[in-house]
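If you want the building blocks of each chain, they are given just below.
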Amino acid sequence: MRRHIPNFITLLNVFCGCVATVFAVLNQLEHAALFVALGIFFDFFDGLAARVLDVKSELGLQLDSLADMITSGLVPGIVMFQLIGLAQMGGWDNDILNSMAYLGDFQLRSFWPFAGFIITLASAYRLAKFNLDENQVSSFIGLPTPANALLILSLPLILFYHPSAILSDIILNQWFLIGLTLLSAFLLNCSLPLFALKFKNWNFKDNALRYIFLIISLVLLITIQFLAVPFIILFYVLSSLVSKFSQKSRS
């Protein structure tokens, strides 16, 4: 039974991804974000459970990537599809999936929302590479799919909980969203070295960057709430780069 515990936790991630997919399709993006966050929570603890119980397996590795494909690959693609569609239709009062006139209009603009699924394609490619790469154990190459999912899912939450004409004009701008989609796909698959939040021990000296990152992230979340997510992702990328360059200079 012990060796099945991490896989059961991973399946909880799959379940959360399925529920989030339903909410995303229904354009209930706030609920979709909640279940994506819960799925990522399970994604973190299935690996932790495998390490603590010493029951890591090839099955667990493959199952983990399949779960991430749903929660952190498919759902962000659907959310971006919805956001681009809403940007074209003028805001939250219009539901792209219930607008037969919109979907029946086969002009060029009708296809732009589907560009959001570039995120899903890039996530699938990244996860396939990750399974074959034996170097991404204590660090990552490219932005992890859960981090990217949090970035995309933060956009509707910012619109919900930080009402601002300026933020709304930026986030519900079709070209901003398409540009972010392309940037997301690039970050997922670029050769960018990023540290992983995997603690081999709790010693501060060995995990200084991880502790600093977690503390700053917590402070940002408390002070500016969902607005903090894009800044946390940016800080994650920049701090990883600074750490990498400092290690090279010491060597």
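Before going into details, it helps to say that this report is about the structure given with it.

So, how was this worked out
- Residues numbered from 1 in each chain as written.
- Predicted model: local features only at pLDDT ≥ 70, side-chain atom pairs only at ≥ 80, totals over all residues.
- Heavy atoms only, no water.
- Helix = DSSP H or I, 4+ residues; strand = E, 2+ residues; numbered from the N terminus.
- Polar contact = N/O pair within 3.5 Å; in protein donor to acceptor, adjacent residues only side chain to side chain.
- Contact = heavy atoms within 4.5 Å.
- Axes fitted to C-alpha atoms, helices over the stretch in contact; angles between N-to-C directions.
- Parallel < 35°, antiparallel > 145°, perpendicular 65-115°, else oblique.
- Nonpolar A, V, L, I, M, F, W, Y, C, P; charged D, E, K, R; others polar.
- Buried < 20%, exposed > 50% of the residue type's maximum accessible area, 1.4 Å probe, protein only.
- Expected span 1.5 Å × (residues − 1).
- Phe/Tyr/Trp six-rings, centres within 6.5 Å; stacked < 30°, edge-to-face > 60°.
- Core = buried A, V, L, I, M, F, W, Y, C linked by side-chain atoms within 4.5 Å.

### Points about the side chain of Ser239
For Ser239, the position within the fold is in helix α10 (residues 228-250). In this structure the side chain of Ser239 is engaged in a polar contact, spanning 3.2 Å, whose partner is the backbone oxygen of Tyr236. Setting aside residues no more than four positions away along its own chain, Ser239 makes contact with Phe195 and Leu209.

### With respect to the packing of helix α5 (residues 118-132) against helix α8 (residues 174-189)
Relative to each other, α5 and α8 sit at 0 degrees, their axes nearing to 9 Å. When the interaxial angle is binned, α5 and α8 end up roughly parallel. In this structure, α5 uses Ile118, Ile119, Ala122, Ser123, Tyr125, Arg126 and Lys129 to contact α8, whose residues at the interface are Thr181, Leu182, Ser184, Ala185, Leu188 and Asn189. Looking at the contact of α5 with α8, its residues break down into seven nonpolar, four polar and two charged.

### Remarks on the side chain of Thr71
Looking at the element boundaries, Thr71 is found in helix α3 (residues 58-89). Among the residues examined, Thr71 registers a relative accessible area of 0% and is labelled buried. A polar atom in the side chain of Thr71 sits 3.5 Å from the backbone nitrogen of Gly17. Sequence-distant contacts of Thr71, defined by excluding residues within four places in its chain, comprise Asn13, Gly17, Val36, Gly39, Ile40 and Pro76.

### Quick word on helix α9 (residues 208-224)
For α9, with 17 residues, the first-to-last C-alpha span of 24 Å sits near the 24 Å given by 1.5 Å per residue. Positive backbone phi, at 55 degrees, marks Gln225, one or two positions downstream of α9.

### Looking at unusual backbone geometry
At Asn27, a residue that is not glycine, the phi angle is positive and equals roughly 65 degrees. By secondary structure assignment, the location of Asn27 is in the loop between α1 (5-25) and α2 (29-53).

### Re α8
The terminal C-alpha atoms of α8, which comprises 16 residues, lie 23 Å apart, in line with the 22 Å expected from a rise of 1.5 Å per residue. The N-cap residue of α8 is Asn173: its side-chain oxygen and the backbone nitrogen of Trp175 are 2.9 Å apart.

### Let's talk about the packing of aromatic side chains
Taken as a whole, this structure holds 13 aromatic pairs when the rule is applied. On the numbers, 6.2 Å between centres and 40 degrees between planes, the contact of Phe130 with Phe140 is tilted. With Phe130 in helix α5 and Phe140 in strand β1 (residues 139-141), this pair connects stretches of sequence that are ten residues apart. By relative accessible area, Phe140 is classed as buried at 15%. On the numbers, 5.5 Å between centres and 80 degrees between planes, the contact of Phe195 with Phe213 is edge-to-face. Here Phe195 is found in strand β2 (residues 193-195), whereas its partner Phe213 is found in helix α9, with 18 residues between them in sequence. Accessibility classification places Phe195 together with Phe213 in one group, the buried group.

### Topic: the nonpolar core
Of all hydrophobic cores here, the largest spans 45 residues; its most connected members are Val79 and Met80. Counting residues per element, the ones that place at least two in this core are α1, α2, α3, α5, α6 (145-161), α8, β2 and α10. With nine residues, α6 is the single largest residue contributor to this core. Once residues within four sequence positions are removed from consideration, Val79 is found in contact with Ala24, Leu29, Ile152, Leu153 and Pro156.

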